[in-house]
Amino acid sequence: MSDNRALRRAHVLANHILQSNPPSSNPSLSRELCLQYSPPELNESYGFDVKEMRKLLDGHNVVDRDWIYGLMMQSNLFNRKERGGKIFVSPDYNQTMEQQREITMKRIWYLLENGVFKGWLTETGPEAELRKLALLEVCGIYDHSVSIKVGVHFFLWGNAVKFFGTKRHHEKWLKNTEDYVVKGCFAMTELGHGSNVRGIETVTTYDPKTEEFVINTPCESAQKYWIGGAANHATHTIVFSQLHINGTNQGVHAFIAQIRDQDGNICPNIRIADCGHKIGLNGVDNGRIWFDNLRIPRENLLNAVADVSSDGKYVSSIKDPDQRFGAFMAPLTSGRVTIASSAIYSAKVGLSIAIRYSLSRRAFSVTANGPEVLLLDYPSHQRRLLPLLAKTYAMSFAANELKMIYVKRTPETNKAIHVVSSGFKAVLTWHNMHTLQECREAVGGQGVKTENLVGQLKGEFDVQTTFEGDNNVLMQQVSKALFAEYVSCKKRNKPFKELGLEHMNSPRPVLPTQLTSSTLRCSQFQTNVFCLRERDLLERFTSEVAQLQGRGESREFSFLLSHQLAEDLGKAFTEKAILQTILDAEAKLPTGSVKDVLGLVRSMYALISLEEDPSLLRYGYLSQDNVGDVRREVSKLCGELRPHALALVTSFGIPDSFLSPIAFNWVEANAWSSV
């Protein structure tokens, strides 16, 4: 079948190259002979209710999302511009770094004045948290710099005060933070330590005579680095530091420190430098901070986990240092939750632009003197974009599920949230970067233009793969958690009850040797092969670590040596969890067109995930013939999803103004009249 496609493409190219018409003595240059833009809506039909699909994809707070979209579209602060007869809003990335920072702050003030942030720290409960997450997601669709500035202020600084602090901190700081009387940042990362928070080198001691903590940056590698908001706007910061009491290091603790006065002047005993221009996010003022014997009141220790008495005694209800450190880190899960969801909305923007363009842009013809063919009618173009579209759908459901378990969290679910958010954050941000690159290439040279967004978004979102946890490190944490759960259950001879491993209480699934189309699209087969892969990799990983330990290696070093299996396992766990979320969403739907299309999307997600994973052949889950069957079925699904392409991206619910000119009348947008 692939040979036939290659021959067909060669035939198309030959026709194009050999096609030659004798020049007319009176050539007509009338507009009718020129290429015209034809809106995809004229030829494409909606085979399902796009509004219902949008409700499923957004998951919550659709009305609130539309409200903030409207707020942005009606203000000139959001860089309204006309192209091809449509109004677009997007940042002016041609501005200097300084200009981008100032306009980002002005946009935040505008959103504040219009009530966007009302209740973000002072209201509690799942509904309030979901509204906050929805509004933040729309901020990120407009500009990642806006969402990061807002996220640092509310989710890092604000949540640190809320969850690490106690009543005295809540009363003093939360309302002022919500109203931007205080502008907060979050000083955890250092030049010498990022993911390894335990190793940070900032040191804080206690002076009982004055009842003050004294914070110091003892060496250059201890300077706080990449601190969003620190370079220009923040007045206060959360400082993560080693706490030394009477010569004993009690580990990492969090403190509140003022770094600027209300007039913007840097406070004494603090030095701040700019991190400089970046490949993206230049609307965020990342800075570096040094502390030189900075004194802060004893009350500025965030003391929900541990405290220091006025006479200098260290007290904590959690005696074990590892558990205490874990308690400090647990509230930071919100960062991974918001990043995972933000990455999927970025992929939605890229796919909306690339697929809309491919439904109006033509190239080559299949017959002599015949019409040129729409890009998305080429099987190769379908192969580039439609599997990514299906993955984005599946990951939308995954991101929604992650948000739901986060806003309904309990102490008992903290471990599961940590593991799932680590896996989802890594896989979803990697997916976004892959998607944006493919979309950039799929729109050709137009993708290089900043105003067309897809190329620019790569630089804007690239940082997601490393901040709030390097993706590779996060995947290792997933594998370690699965390892610990497996070993614990086996030692106690107890059934598996956590982390989605319940399927391992049942016999190992047996896959059929012959894979028909109906088998490959069967949800039970898909579940079985994903479960088999996770189960086998977990058993291989624990066995390999045990063998290395048996040869005298430490457990930690054994993990390091088994990193390839750990990476495969982390991916298998996460992809299975994503599959389960779209299966759950599909199961709740009544019979009808939305359910039917979602079934196609789910099968595409499952099969493209299998096709792209070498472990299926490496460990013998599928034969070479089986892998060929999977590949052919993916191509068939591309053809079946092609008629739904416009409806599927329309269901994202992103207003036209938040896309780019090439998603619409790209001829008129580039006409001489627009110069």
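Residues numbered from 1 in each chain as written. Predicted model: local features only at pLDDT ≥ 70, side-chain atom pairs only at ≥ 80, totals over all residues. Heavy atoms only, no water.

The chain carries the name Acyl-coenzyme A oxidase in an unreviewed UniProt entry, which gives Arabidopsis suecica as its organism. Of the chain, the UniProt comment under Cofactor (unreviewed entry) reads exactly: "FAD". (UniProt positions renumbered as here; feature names shortened; annotations may be inferred.)

Asker: Can you lay out the packing of aromatic side chains for me, pointing to particular residues and giving the numbers?
Answerer: Going through the model one piece at a time under the given rule, you end up with 26 aromatic pairs. Ring geometry for Y225 versus W226: centroids 5.4 Å apart, planes at 80°, classification edge-to-face. The exposure class assigned to Y225 is buried, which follows from its relative accessible area of 19%. Members of the aromatic cluster, connected to one another through ring pairs, are W109, F117, W120, F154, F155 and Y180. When the ring centre of F664 is taken as reference, the NZ or CZ atom of K86 above it lies at 4.7 Å. Taking NZ or CZ as reference, K348 lies 4.1 Å from the ring centre of Y345, over its face. (Phe/Tyr/Trp six-rings, centres within 6.5 Å; stacked < 30°, edge-to-face > 60°. Buried < 20%, exposed > 50% of the residue type's maximum accessible area, 1.4 Å probe, protein only. Lys NZ or Arg CZ within 6 Å of the ring centre and 35° of its normal.)

Asker: Report on the confidence of the model for the chain, specifying residues and quantitative values.
Answerer: Summarising the model, the chain shows a mean pLDDT of 93, and 95% of its residues fall at 70 or more. Per-residue pLDDT stays below 50 along residues 16-31; that stretch engages in ten contacts with residues further than four places along the chain or on separate chains. (pLDDT = per-residue confidence, 0-100. Contact = heavy atoms within 4.5 Å.)

Asker: I'd like a description of the domain arrangement of the chain, backed by residues and values.
Answerer: In terms of domains, the chain is made up of domain 1 (185-322) and domain 2 (328-363 + 370-658). Using only C-alpha atoms to locate each centre, domain 1 and domain 2 end up separated by 37 Å. Contact with domain 1, which involves 13 residues of that partner, is made by ten residues of domain 2. Of all residues in domain 1, the largest losses of buried area upon contact with domain 2 belong to S195, I279 and L281, amounting jointly to 45% of the total for that side. Where domain 1 meets domain 2, there are zero salt bridges. At the junction of domain 1 with domain 2, the criterion picks out one residue pair in polar contact (both at pLDDT 80 or more). The element contributing the most residues to the side of domain 1 that touches domain 2 is strand 8 (residues 248-258), with three residues. (Domains from an automatic or database assignment. Buried area = accessible area lost by both parts, 1.4 Å probe. Salt bridge = Lys/Arg side-chain N within 4 Å of Asp/Glu carboxyl O. Polar contact = N/O pair within 3.5 Å; in protein donor to acceptor, adjacent residues only side chain to side chain. Helix = DSSP H or I, 4+ residues; strand = E, 2+ residues; numbered from the N terminus.)

Asker: Go over unusual backbone geometry, please, and point to the residues and values.
Answerer: Glycine aside, residues mostly have negative phi, and peptide bonds are mostly found in the trans state. Positioned with a positive phi, L281 is a non-glycine residue whose angle comes to about 55°. Position of L281 among the secondary structure elements: in the loop between strand 9 (270-274) and strand 10 (286-291). One non-glycine residue, N493, lies in positive phi territory at about 55°. Tracing the sequence through the fold places N493 in the loop between helix 13 (471-492) and helix 14 (517-520).

Asker: Describe the packing of helix 15 (residues 523-550) against helix 18 (residues 593-611), with residues and values.
Answerer: The contact between helix 15 and helix 18 brings their axes to 11 Å, and the two run at 30°. As summarised for this structure, helix 15 and helix 18 are arranged roughly parallel, according to the angle between their axes. The way helix 15 lies across helix 18 gives a crossing that is left-handed. Across the interface between the two elements, S523, Q526, V529 and F530 of helix 15 pack against R602, S603, Y605, A606, S609 and L610 of helix 18. Per-class residue counts for the contact of helix 15 with helix 18 are five nonpolar, four polar and one charged. (Axes fitted to C-alpha atoms, helices over the stretch in contact; angles between N-to-C directions. Parallel < 35°, antiparallel > 145°, perpendicular 65-115°, else oblique. Left-handed = near helix turned anticlockwise from the far one by under 90°. Nonpolar A, V, L, I, M, F, W, Y, C, P; charged D, E, K, R; others polar.)

Asker: For the UniProt feature "binding site: FAD" (unreviewed entry) in the chain, give the residues involved together with the corresponding values.
Answerer: Residues annotated by UniProt as "binding site: FAD" (unreviewed entry) correspond here to T189 and G228. What stands out for the annotated residues spanning 40 residues is how close their C-alpha atoms remain, the widest pair being 10.5 Å apart. As for its placement among the helices and strands, T189 is situated in the loop between strand 3 (184-187) and strand 4 (203-207). Given the relative accessible area of 28%, T189 is considered partly exposed. Look past the residues within four positions of T189 in its chain and what remains in contact with it is G194, Q223, K224, Y225 and I227. Position of G228 among the secondary structure elements: in strand 6 (residues 224-228). A residue is classified by how much of its surface remains accessible, and G228, at 12% relative accessible area, is buried. Among all residues touching G228, those that are not within four sequence positions of it are V152, C185, V284, D285 and N286.

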